[in-house]
Amino acid sequence: MTINKSYSVDVADIDSIILACHGCKTALNLPPSDIRQDPPQRCPNCGADWFPDHTSDRKTLNVFLASLRDLRKRSDGKVCQVRLIISQPN
Ligand SMILES: [Zn+2]
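About the cut-offs
Residues numbered from 1 in each chain as written. Predicted model: local features only at pLDDT ≥ 70, side-chain atom pairs only at ≥ 80, totals over all residues. Helix = DSSP H or I, 4+ residues; strand = E, 2+ residues; numbered from the N terminus. Buried ≥ 20, exposed ≤ 12 C-beta atoms within 10 Å, placed from the backbone. Contact = placed C-beta atoms within 7 Å. pLDDT = per-residue confidence, 0-100. Pairing = 2+ DSSP bridges.

Draft legend 1. Up close: the overall build of the chain. The helix and strand inventory of the chain stands at 1 helix and 4 strands. The N-to-C order of helical and strand elements in the chain reads β-β-β-α-β. Each of the 90 residues in the chain was classed as buried or not, and the buried ones make up 3%. Sequence separation of 24 or more characterises 50% of the internal contacts of the chain that already satisfy a separation of 6 or more.

Shown next, in the form of C-alpha cells:
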C-alpha cells in the first residue's frame, strides 16, 4: 500500500516565492505582499540569465506574483477560499 501525503495551504499563508539559481545556489525571496518592482532578470550573484528576453517567463512570474498578492487580499474565506495542494517532499 502506498500512502501519499499532501497539504492544503491557503494563499494567505504563502509568505514568499523563492527564486533559486541553479548555477550558484543563490536564493532570492519575493514576498507577494511587498512587490514594489519587477523581479530581477538575472541572478544578483553570478549574473545567470534567469528570465531571458526572448521568453515570456518574467511576465508570467509577474502575473503569478500579482495574482497571489490579489488573492491574499480577498482570501477571507467567507465566499470561497483559494487553497493550494502541496505534496509532501520526498
Ligand atoms: Zn547565480
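Draft legend 2. Broad picture of the confidence of the model for the chain. In this model, the chain carries an average pLDDT of 84, and 87% of its residues clear a pLDDT of 70 or more. The secondary structure element of the chain with the lowest average pLDDT is helix 1 (residues 57–74), at 84, and the one with the highest is strand 2 (residues 17–20), at 91.

Draft legend 3. How the structure looks around unusual backbone geometry. For K25, which is not glycine, the phi torsion reads 70° and is therefore positive. Assignment of secondary structure puts K25 in the loop between strand 2 and strand 3 (27–30). Judged by local crowding, K25 falls into the exposed class, with 10 C-beta atoms found within 10 Å.

Draft legend 4. Region of the structure containing the environment of D53. Note that D53 resides in the loop between strand 3 and helix 1. Spatially, the C-alpha atom of D53 lies 8.5 Å from that of Q41, the residues being 12 residues apart in sequence.

Draft legend 5. Spatial organisation of the environment of P52. Mapping P52 onto the fold places it in the loop between strand 3 and helix 1. Overall, P52 belongs to the exposed group, with 10 C-beta atoms counted inside 10 Å. For the pair P52 and Q41, spaced 11 residues apart in sequence, the C-alpha to C-alpha distance is 7.1 Å.

Draft legend 6. Spatial organisation of the pairing of strand 4 (residues 83–87). Within strand 4, only 0 of the 5 residues are buried, which leaves it mostly out in the open. Across 5 bridges, the pairing between strand 1 (residues 6–10) and strand 4 is antiparallel. Within strand 4, the residue paired with D10 across the bridge is R83.

Draft legend 7. Highlighting the pairing of strand 3. In the sheet, strand 2 pairs with strand 3 via 4 bridges, with the strands oriented antiparallel. Residue pairing across strands places I18 opposite N29, the latter belonging to strand 3. Between strand 2 and strand 3, which pair antiparallel one after the other, the connecting turn spans 6 residues, and K25 there sits at a positive phi close to 70°.

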